[in-house]
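Understanding the architecture of this molecule
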Amino acid sequence: MSQRPLATSVFDEPAAAAAWQTKPSWALVAGADEAINPEVERFGAKRAGATTRELEGASHAVAVSRPKEVADLIRDAVRATS
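Residues numbered from 1 in each chain as written. Predicted model: local features only at pLDDT ≥ 70, side-chain atom pairs only at ≥ 80, totals over all residues. Heavy atoms only, no water.

Focus: helix α4 (residues 67–81)
Each α-helix turn comprises 3.6 residues. Residues three or four places apart therefore point the same way. Over its 15 residues, α4 runs 21 Å from end to end, which matches the ideal 21 Å to within 8%, given 1.5 Å per residue. Buried residues of α4: V70, L73 and A77, and no others. Taken around the axis of α4, the buried residues stretch over an arc of 60 degrees, which confines them to a single face. Exposed and facing more than 90 degrees away from the buried side of α4 are K68 and R79. In this structure, the buried residues of α4 make contact with β1 (26–30), β2 (51–55) and α3 (62–65). (Helix = DSSP H or I, 4+ residues; strand = E, 2+ residues; numbered from the N terminus. Expected span 1.5 Å × (residues − 1). Buried < 20%, exposed > 50% of the residue type's maximum accessible area, 1.4 Å probe, protein only. Arc of directions from axis to C-beta. Contact = heavy atoms within 4.5 Å.)

Printed below as a string of structure tokens:
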């Protein structure tokens, strides 16, 4: 079995607006990520205007290696938007 899009139009239909331009966002920068350069993560977060938390020494698998900090960031985002 393979995953397929619901319709091929998803590849052709332009988005009306990027959600990150109008909705609040949060980002986590994994300071020791070797798969995605942390500078790239910081750049994307800044461009999106995200509330950013950086975890020094965190790897790319940050949800596995630092689950409490990831959950704390998610809870902060939920509290800020509810």
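Quick word on the nonpolar core
In this structure, A30, L55, A58, V62 and V70 together form the largest nonpolar core, which totals five residues. Excluding its chain neighbours within four sequence positions, the residues that come into contact with V70 are L28, V62 and A63. (Core = buried A, V, L, I, M, F, W, Y, C linked by side-chain atoms within 4.5 Å.)

A closer look at the environment of A32
Mapped onto the fold, A32 is located in the loop between β1 and α2 (38–47). Residue A32 is classed as partly exposed on the basis of its relative accessible area of 35%. Each residue touching A32, except ones within four places of it in the same chain, is listed here: G57, A58 and S59.

What about the environment of T51?
Relative to the helices and strands, T51 resides in strand β2. Along the sequence, T51 and W20 sit 31 residues apart, while their C-alpha atoms lie 12 Å from each other. Once residues lying within four places of it in the same chain are set aside, the contact partners of T51 are S25, W26 and A27.

Side note on the pairing of β1
Direction of pairing for β1 relative to β2: parallel, over a ladder of five bridges. Pairing of L28 across the sheet is with R53, part of β2. (Pairing = 2+ DSSP bridges.)

Describing the pattern of salt bridges
Per the stated rule, a full pass over the model turns up seven salt bridges. The closest approach of N and O atoms between E39 and R42, which form a salt bridge, is 2.5 Å. Separated by three residues within a single helix, E39 and R42 lie in helix α2, roughly one turn from each other. Residue R42 is classed as partly exposed on the basis of its relative accessible area, which comes to 27%. Here the salt bridges do not stand alone but share partners, grouping E39, R42 and E54 into one network. (Salt bridge = Lys/Arg side-chain N within 4 Å of Asp/Glu carboxyl O.)

Shape is all these values report; function is a separate question.
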